[in-house]
Amino acid sequence: MSTIRGARERARIEVTAAIKGEARKQLAKEGAAKLSLRAVARELGMVSSALYRYFPSRDDLLTALIVDAFDAIGEVAEGAARERAETRPPTERWLAVACAVRAWGLAHPHEYALIYGSPVPGYIAPMDTVGPASRAGLVFIDIVRAAYLADDLAVPPLAPALRQDAERMAADFAPDVPPAAVAALVAVWAQLFGLISFELFGQFNRVVEAREQLFRQAAAELARSVGLPGVRTG
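Please read all numbers here as calculations on a predicted model, not as lab measurements. (Residues numbered from 1 in each chain as written. Predicted model: local features only at pLDDT ≥ 70, side-chain atom pairs only at ≥ 80, totals over all residues. Heavy atoms only, no water.)

**Student:** Explain the overall build of the chain to me, using residue names and the numbers behind them.
**Tutor:** Per the secondary structure count, the chain includes 10 helices and 0 strands. Order of helices (α) and strands (β) in the chain, N terminus to C terminus: α-α-α-α-α-α-α-α-α-α. Here the chain holds 234 residues, and the buried ones make up 42% of them. Long-range contacts, defined as pairs at least 24 residues apart, comprise 70% of the intrachain contacts of the chain with a sequence gap of at least 6. (Helix = DSSP H or I, 4+ residues; strand = E, 2+ residues; numbered from the N terminus. Buried < 20%, exposed > 50% of the residue type's maximum accessible area, 1.4 Å probe, protein only. Contact = heavy atoms within 4.5 Å.)

See below:
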(Lines give C-alpha, C1' and ligand atoms only; values in the text may rest on other atoms or scores of the structure.)
Protein backbone atom coordinates (compact mmCIF):
# COMPACT_ATOMS: atom_id res chain seq x y z
CA MET A 1 0.00 0.00 0.00
CA SER A 2 2.82 2.41 0.86
CA THR A 3 4.39 1.71 -2.55
CA ILE A 4 1.19 2.75 -4.31
CA ARG A 5 0.88 5.86 -2.14
CA GLY A 6 4.50 6.76 -2.84
CA ALA A 7 3.95 6.38 -6.58
CA ARG A 8 0.88 8.61 -6.40
CA GLU A 9 2.78 11.25 -4.46
CA ARG A 10 5.60 11.21 -6.99
CA ALA A 11 3.12 11.48 -9.85
CA ARG A 12 1.41 14.41 -8.16
CA ILE A 13 4.75 16.17 -7.66
CA GLU A 14 5.62 15.64 -11.34
CA VAL A 15 2.26 16.90 -12.59
CA THR A 16 2.37 19.90 -10.25
CA ALA A 17 5.85 20.77 -11.54
CA ALA A 18 4.64 20.45 -15.14
CA ILE A 19 1.68 22.73 -14.47
CA LYS A 20 3.87 25.38 -12.89
CA GLY A 21 6.42 25.05 -15.66
CA GLU A 22 3.79 25.68 -18.32
CA ALA A 23 2.37 28.54 -16.28
CA ARG A 24 5.81 30.18 -16.20
CA LYS A 25 5.92 29.93 -19.99
CA GLN A 26 2.58 31.76 -20.10
CA LEU A 27 3.98 34.44 -17.81
CA ALA A 28 6.78 34.99 -20.29
CA LYS A 29 4.42 35.13 -23.28
CA GLU A 30 1.32 36.83 -21.94
CA GLY A 31 2.07 38.22 -18.49
CA ALA A 32 0.53 37.29 -15.16
CA ALA A 33 -2.77 39.08 -15.81
CA LYS A 34 -3.55 36.71 -18.70
CA LEU A 35 -2.59 33.49 -16.94
CA SER A 36 -5.30 30.92 -17.74
CA LEU A 37 -5.84 27.51 -16.19
CA ARG A 38 -7.63 26.36 -19.33
CA ALA A 39 -4.71 27.40 -21.50
CA VAL A 40 -2.25 25.62 -19.20
CA ALA A 41 -4.38 22.48 -19.27
CA ARG A 42 -4.65 22.63 -23.05
CA GLU A 43 -0.88 22.94 -23.53
CA LEU A 44 -0.30 19.97 -21.21
CA GLY A 45 -2.94 17.83 -22.88
CA MET A 46 -5.07 17.77 -19.73
CA VAL A 47 -8.77 18.39 -19.30
CA SER A 48 -9.51 21.45 -17.17
CA SER A 49 -11.27 19.39 -14.52
CA ALA A 50 -8.08 17.38 -13.95
CA LEU A 51 -5.97 20.50 -13.52
CA TYR A 52 -8.44 21.91 -11.00
CA ARG A 53 -7.60 19.01 -8.69
CA TYR A 54 -4.11 20.50 -8.40
CA PHE A 55 -4.98 24.19 -8.48
CA PRO A 56 -8.65 25.01 -7.88
CA SER A 57 -8.32 28.53 -9.29
CA ARG A 58 -6.02 30.83 -11.19
CA ASP A 59 -5.23 32.61 -7.93
CA ASP A 60 -4.08 29.34 -6.34
CA LEU A 61 -1.70 28.79 -9.24
CA LEU A 62 -0.48 32.39 -9.06
CA THR A 63 0.16 32.01 -5.35
CA ALA A 64 2.22 28.87 -5.95
CA LEU A 65 4.31 30.68 -8.57
CA ILE A 66 4.77 33.68 -6.31
CA VAL A 67 5.85 31.54 -3.36
CA ASP A 68 8.30 29.67 -5.60
CA ALA A 69 9.79 32.95 -6.85
CA PHE A 70 10.14 34.44 -3.39
CA ASP A 71 11.69 31.22 -2.11
CA ALA A 72 14.12 31.16 -5.04
CA ILE A 73 15.33 34.71 -4.52
CA GLY A 74 15.45 34.11 -0.76
CA GLU A 75 17.59 31.02 -1.25
CA VAL A 76 19.98 32.95 -3.47
CA ALA A 77 20.30 35.74 -0.89
CA GLU A 78 20.83 33.28 1.96
CA GLY A 79 23.43 31.37 -0.01
CA ALA A 80 25.37 34.53 -0.82
CA ALA A 81 25.30 35.56 2.83
CA ARG A 82 26.54 32.16 4.02
CA GLU A 83 29.52 32.05 1.67
CA ARG A 84 32.63 32.67 3.79
CA ALA A 85 30.35 34.20 6.42
CA GLU A 86 32.84 33.61 9.22
CA THR A 87 35.67 35.48 7.48
CA ARG A 88 33.90 38.19 5.49
CA PRO A 89 32.91 41.42 7.27
CA PRO A 90 29.24 42.40 7.14
CA THR A 91 29.92 45.07 4.52
CA GLU A 92 31.27 42.54 2.02
CA ARG A 93 28.40 40.15 2.72
CA TRP A 94 25.95 42.99 2.04
CA LEU A 95 27.39 43.65 -1.39
CA ALA A 96 27.55 39.94 -2.22
CA VAL A 97 23.87 39.50 -1.33
CA ALA A 98 22.78 42.58 -3.27
CA CYS A 99 24.65 41.42 -6.37
CA ALA A 100 23.27 37.88 -6.05
CA VAL A 101 19.71 39.22 -5.88
CA ARG A 102 20.33 41.36 -8.96
CA ALA A 103 21.77 38.39 -10.85
CA TRP A 104 18.71 36.29 -10.00
CA GLY A 105 16.39 39.02 -11.26
CA LEU A 106 18.26 39.36 -14.55
CA ALA A 107 18.23 35.58 -15.03
CA HIS A 108 14.50 35.25 -14.18
CA PRO A 109 12.87 38.45 -15.49
CA HIS A 110 9.32 37.14 -15.69
CA GLU A 111 9.35 35.66 -12.21
CA TYR A 112 10.92 38.86 -10.91
CA ALA A 113 8.15 40.86 -12.59
CA LEU A 114 5.56 38.61 -10.99
CA ILE A 115 6.73 39.46 -7.47
CA TYR A 116 8.11 42.97 -7.89
CA GLY A 117 6.29 44.29 -10.95
CA SER A 118 2.78 45.64 -11.38
CA PRO A 119 0.08 44.01 -9.22
CA VAL A 120 -2.07 41.42 -10.98
CA PRO A 121 -5.61 42.84 -11.36
CA GLY A 122 -8.05 41.07 -9.06
CA TYR A 123 -5.40 39.07 -7.23
CA ILE A 124 -4.89 39.47 -3.48
CA ALA A 125 -1.86 37.67 -2.09
CA PRO A 126 -2.74 35.38 0.84
CA MET A 127 -0.75 35.06 4.06
CA ASP A 128 1.04 32.05 2.54
CA THR A 129 3.25 34.49 0.65
CA VAL A 130 4.41 36.50 3.67
CA GLY A 131 7.09 34.13 4.95
CA PRO A 132 8.70 33.51 1.55
CA ALA A 133 8.51 37.23 0.72
CA SER A 134 10.46 38.05 3.88
CA ARG A 135 13.42 35.75 3.26
CA ALA A 136 15.64 38.06 1.22
CA GLY A 137 14.86 41.05 3.41
CA LEU A 138 15.72 39.12 6.56
CA VAL A 139 19.16 38.40 5.11
CA PHE A 140 19.90 42.12 4.92
CA ILE A 141 18.55 42.56 8.44
CA ASP A 142 20.86 39.80 9.69
CA ILE A 143 23.85 41.54 8.14
CA VAL A 144 23.00 44.85 9.81
CA ARG A 145 22.33 43.03 13.08
CA ALA A 146 25.76 41.39 12.95
CA ALA A 147 27.41 44.77 12.43
CA TYR A 148 25.42 46.30 15.29
CA LEU A 149 26.31 43.49 17.70
CA ALA A 150 29.96 43.85 16.70
CA ASP A 151 29.74 47.59 17.47
CA ASP A 152 30.45 48.29 13.81
CA LEU A 153 27.24 50.10 12.86
CA ALA A 154 26.90 53.86 12.74
CA VAL A 155 23.19 54.15 13.49
CA PRO A 156 21.72 56.66 11.02
CA PRO A 157 19.61 59.64 12.09
CA LEU A 158 15.85 59.25 12.32
CA ALA A 159 13.31 61.97 11.63
CA PRO A 160 10.97 62.43 14.62
CA ALA A 161 7.93 61.94 12.38
CA LEU A 162 9.19 58.44 11.48
CA ARG A 163 9.91 57.24 15.00
CA GLN A 164 6.55 55.59 15.59
CA ASP A 165 6.73 53.67 12.31
CA ALA A 166 10.37 52.76 12.91
CA GLU A 167 9.68 51.42 16.38
CA ARG A 168 6.73 49.40 15.12
CA MET A 169 8.75 47.91 12.26
CA ALA A 170 11.63 47.09 14.57
CA ALA A 171 9.26 45.38 17.00
CA ASP A 172 7.69 43.40 14.17
CA PHE A 173 10.77 41.92 12.54
CA ALA A 174 14.02 43.19 14.09
CA PRO A 175 13.56 43.93 17.82
CA ASP A 176 17.32 43.75 18.47
CA VAL A 177 18.18 46.33 15.78
CA PRO A 178 17.88 50.09 16.45
CA PRO A 179 14.63 51.46 14.99
CA ALA A 180 16.56 54.10 13.02
CA ALA A 181 18.54 51.37 11.26
CA VAL A 182 15.34 49.44 10.51
CA ALA A 183 13.73 52.50 8.93
CA ALA A 184 16.85 53.03 6.83
CA LEU A 185 16.77 49.38 5.79
CA VAL A 186 13.21 49.68 4.51
CA ALA A 187 14.18 52.69 2.39
CA VAL A 188 17.28 50.90 1.13
CA TRP A 189 15.24 47.79 0.29
CA ALA A 190 13.00 49.86 -1.97
CA GLN A 191 15.99 51.55 -3.62
CA LEU A 192 17.87 48.31 -4.28
CA PHE A 193 14.89 46.75 -5.99
CA GLY A 194 14.19 50.00 -7.78
CA LEU A 195 17.66 49.81 -9.33
CA ILE A 196 17.08 46.21 -10.41
CA SER A 197 13.66 47.08 -11.82
CA PHE A 198 15.05 50.02 -13.78
CA GLU A 199 17.65 47.75 -15.34
CA LEU A 200 15.29 44.86 -15.96
CA PHE A 201 12.44 46.87 -17.44
CA GLY A 202 14.61 48.94 -19.78
CA GLN A 203 14.77 52.35 -18.08
CA PHE A 204 18.58 52.32 -18.29
CA ASN A 205 18.60 51.61 -22.03
CA ARG A 206 20.73 54.20 -23.86
CA VAL A 207 21.38 55.84 -20.49
CA VAL A 208 23.71 53.54 -18.56
CA GLU A 209 25.98 50.96 -20.17
CA ALA A 210 28.11 49.94 -17.16
CA ARG A 211 25.06 48.70 -15.27
CA GLU A 212 26.76 46.19 -13.02
CA GLN A 213 29.30 48.79 -11.93
CA LEU A 214 26.52 51.32 -11.32
CA PHE A 215 24.62 48.80 -9.22
CA ARG A 216 27.66 47.85 -7.15
CA GLN A 217 28.48 51.48 -6.46
CA ALA A 218 24.87 52.28 -5.55
CA ALA A 219 24.61 49.19 -3.32
CA ALA A 220 27.75 50.27 -1.51
CA GLU A 221 26.35 53.76 -0.96
CA LEU A 222 23.10 52.28 0.32
CA ALA A 223 25.07 50.12 2.74
CA ARG A 224 26.63 53.26 4.15
CA SER A 225 23.21 54.85 4.48
CA VAL A 226 22.13 52.13 6.93
CA GLY A 227 25.30 52.62 8.94
CA LEU A 228 27.65 49.98 7.59
CA PRO A 229 31.27 51.02 7.07
CA GLY A 230 32.71 51.49 3.59
CA VAL A 231 32.24 48.68 1.08
CA ARG A 232 34.85 47.94 -1.55
CA THR A 233 33.18 47.87 -4.97
CA GLY A 234 36.18 47.15 -7.20
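On we go.
**Student:** Provide a residue-level description of the packing of helix α5 (residues 90-107) against helix α10 (residues 211-225), including the pertinent values.
**Tutor:** Contact geometry for α5 and α10: axes closest at 10 Å, N-to-C directions at 135 degrees. Classified by the angle their axes make, α5 and α10 are oblique. In the crossing of α5 with α10, the sense of the turn from one axis to the other is right-handed. Of the residues in α10, those in contact with Trp94, Leu95, Ala98, Cys99 and Arg102 of α5 are Arg211, Glu212, Phe215, Arg216, Ala219, Ala220, Leu222 and Ala223. Of the residues contributing to the contact of α5 with α10, the split by class is 9 nonpolar, no polar and 4 charged. (Axes fitted to C-alpha atoms, helices over the stretch in contact; angles between N-to-C directions. Parallel < 35°, antiparallel > 145°, perpendicular 65-115°, else oblique. Left-handed = near helix turned anticlockwise from the far one by under 90°. Nonpolar A, V, L, I, M, F, W, Y, C, P; charged D, E, K, R; others polar.)

**Student:** Run through the pattern of salt bridges, naming residues and quoting values.
**Tutor:** On inspection of all chains with the given rule, the structure shows 13 salt bridges. The salt bridge partner of Glu199 is Arg102, with a shortest N-O separation of 2.8 Å. Taken together, the residues span a long stretch of sequence, with Glu199 in helix α9 (residues 179-200) and Arg102 in helix α5 at a distance of 97 residues. Note on Glu199: relative accessible area 13%, which makes it buried. A network of salt bridges, in which partner residues are shared, links Lys20, Arg24, Asp68 and Glu111. (Salt bridge = Lys/Arg side-chain N within 4 Å of Asp/Glu carboxyl O.)

**Student:** Summarise the side chain of Lys20; cite the residues concerned and give the values.
**Tutor:** When you line up the elements, Lys20 lands in helix α1 (residues 2-30). Here Lys20 falls in the buried class, since its relative accessible area comes to 16%. There is a polar contact of 2.8 Å between the side chain of Lys20 and the side chain of Asp68. Look past the residues within four positions of Lys20 in its chain and what remains in contact with it is Phe55, Leu61, Ala64, Leu65 and Asp68. (Polar contact = N/O pair within 3.5 Å; in protein donor to acceptor, adjacent residues only side chain to side chain.)

**Student:** Report on the side chain of Ser197, specifying residues and quantitative values.
**Tutor:** Within the fold, Ser197 resides in helix α9. According to the relative accessible area criterion, Ser197 is buried, its value standing at 14%. Non-local contacts of Ser197, meaning those with residues more than four positions away in its chain, are made with Tyr112 and Gln203.

**Student:** If you had to explain helix α2 (residues 37-44) to someone new, which residues and values would you point to?
**Tutor:** Taken residue by residue, α2 has Leu37, Ala39, Val40 and Ala41 as its buried positions. Of the residues that open α2, the one with a side-chain oxygen 3.3 Å from the backbone nitrogen of Arg38 is Ser36. At the C-terminal side of α2, Gly45 shows a positive phi close to 75 degrees.

**Student:** Which residues make up the environment of Ala64, and what values do they have?
**Tutor:** Secondary-structure assignment places Ala64 in helix α4 (residues 58-82). Note: C-alpha distance between Ala64 and Arg93 (29 residues apart in sequence) is 30 Å.

Scope: geometric values only; no functional claims are made or implied.
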